[in-house]
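Here's the letter readout for the chains.
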Amino acid sequence: FLKQSVFLAVYFLSHFSMPKAPQSLHDVFLLELKDLFDVEKRLMKALPKMVKAANNTELKQAFRDHLDETMNHVVRMEDALISLGEKPKSIPCEGMKGILEEGEEILKMKMPPAVKDAALIAAAQKVEHYEIASYGTVCEYARLMGHTEALRLLKETMDEEEKADGKLSALAKGGINEAAHREEK
């Protein structure tokens, strides 16, 4: 019995323990990168659902385009971690998990088409803003610590996240929100 208990304790601690507390800015940087790596992998699963749920053809295309970019974000994150001598490994991002769970609720709801599209844009922009904030942070850390290759890769992704957010805003302001408002009446 004691052997089994020790084995279970060691197994549990080695597989389910929290990452050790960061002791330096470099440690924080690596944790943030691994967190973002998880974000990008989760989005690769979520974006096809957004494409399917969208009614507006331009919105569908924006989600498709961002899915293609997200695949590149995953590769860039792997490359950034490798450039730092790290294994491309992620840690679960609880923040994004929550944002995506909210998005899942929207996907399940029955709504008029334009209302659904407006709600999908709102959900997608929450994701983009989380990513922009996170990428801004890791870019600054990379710049400060002189990680030029990682900075280049991260900045490229951040620029794409900002463009995706801008495209969503343009679609919302360019007619989707107005159409959703008209469907209310």
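Before reading on, note that the structure itself is shown above.
Every value quoted in this text rests on a predicted model; they were computed, and no experiment measured them.

## Some remarks on the environment of V28
The topology assignment puts V28 in helix α2 (residues 25–53). V28 sits 113 residues away from Y141 along the chain, and the two C-alpha atoms are 9.0 Å apart. With near-sequence residues (within four places) excluded, V28 lies in contact with P22 and Y141.

## Description of helix α4 (residues 94–108)
When the terminal C-alpha atoms of α4 are compared, their 21 Å separation across 15 residues agrees well with the 21 Å that a helix rising 1.5 Å per residue should span. Among all positions in α4, only M96, I99, L100, G103 and I106 are buried. Angular distribution of buried residues about the axis of α4 spans 100°; they occupy a single face of the element. Across α4 from its buried face, at more than 90 degrees, point the exposed residues E94, E101 and K108. Residues of α4 that are buried make contact with α2 and α5 (113–145).

## Re the side chain of T70
Mapped onto the elements, T70 comes out in helix α3 (residues 57–83). We classify T70 as buried; its relative accessible area is 0%. When near neighbours in sequence (up to four residues on either side) are disregarded, T70 contacts E40, L43, M44 and L47.

## Some words on the nonpolar core
Counting 31 residues, the largest nonpolar core has L59, F63, M96, L120 and I121 as its most contacted members. When contributions to this core are tallied by element, the ones reaching two or more residues are α2, α3, α4, α5 and α6 (148–184). Dropping the residues within four chain positions of it, L59 is found in contact with A54, D117, I121, L168, L171 and I176. In terms of nonpolar packing, the next biggest core, distinct from the first, is built from 19 residues, L33, F37, M77 and Y141 among them.

## A closer look at α2
In this model, α2 (29 residues) spans 41 Å end to end at C-alpha, consistent with the 42 Å of a helix rising 1.5 Å per residue. Within α2, the axis deviates most sharply at M44, by approximately 30°, and proline P48 lies no more than four positions further along.

## Details of the layout of surface pockets
In this approach the atoms are scanned with a rolling probe the size of a water molecule, which exposes any empty space left behind. Considered as a void within the structure, the second largest pocket measures approximately 450 Å³ in volume. Those elements that place two or more of their residues in the lining of the second largest pocket are α2, α3, α4, α5 and α6. In the lining of the second largest pocket, the residues fall into 14 nonpolar, two polar and twelve charged.

## What about the packing of aromatic side chains?
Under the defined criterion, the tally for this structure stands at one aromatic pair. Taking 6.4 Å as the distance between ring centres and 85° as the angle between the ring planes, the aromatic pair formed by F29 and Y141 counts as edge-to-face. Of the two residues, F29 is situated in helix α2 and Y141 in helix α5; the sequence distance between them amounts to 112 residues. Grouping residues by exposure puts F29 and Y141 together as buried. If you follow K41 out to its NZ or CZ, it ends over the ring of F37, 4.5 Å from the centre.

## Some words on the side chain of T157
Relative to the assigned elements, T157 resides in helix α6. Owing to a relative accessible area of 1%, T157 belongs among the buried residues under this scheme. Filtering out sequence-adjacent residues up to four positions away, T157 remains in contact with E40, H73, R76 and Y135.

## Here's the deal with the pattern of salt bridges
This structure, assessed with the given rule, holds 13 salt bridges. Between E104 and K49 there is a salt bridge; the shortest N-O distance is 3.0 Å. One end of the pair, E104, is in helix α4; the other, K49, is in helix α2, and 55 residues separate them in sequence. Accessibility expressed as a relative area gives 41% for K49, which makes it partly exposed. A single network of salt bridges, built from pairs that share partners, joins R76, E149, R152, E156 and E160.

The rules we used
- Residues numbered from 1 in each chain as written.
- Predicted model: local features only at pLDDT ≥ 70, side-chain atom pairs only at ≥ 80, totals over all residues.
- Heavy atoms only, no water.
- Helix = DSSP H or I, 4+ residues; strand = E, 2+ residues; numbered from the N terminus.
- Contact = heavy atoms within 4.5 Å.
- Expected span 1.5 Å × (residues − 1).
- Buried < 20%, exposed > 50% of the residue type's maximum accessible area, 1.4 Å probe, protein only.
- Arc of directions from axis to C-beta.
- Core = buried A, V, L, I, M, F, W, Y, C linked by side-chain atoms within 4.5 Å.
- Bend = angle between axes of the 7 residues up to and from the residue.
- 1 Å grid on protein atoms, 1.4 Å probe; cavity = no way out; pocket = protein on both sides within 12 Å on 5 of 7 lines; lining within 4 Å.
- Points joined across faces, edges and corners; volume = space filled by probe spheres on them.
- Nonpolar A, V, L, I, M, F, W, Y, C, P; charged D, E, K, R; others polar.
- Phe/Tyr/Trp six-rings, centres within 6.5 Å; stacked < 30°, edge-to-face > 60°.
- Lys NZ or Arg CZ within 6 Å of the ring centre and 35° of its normal.
- Salt bridge = Lys/Arg side-chain N within 4 Å of Asp/Glu carboxyl O.

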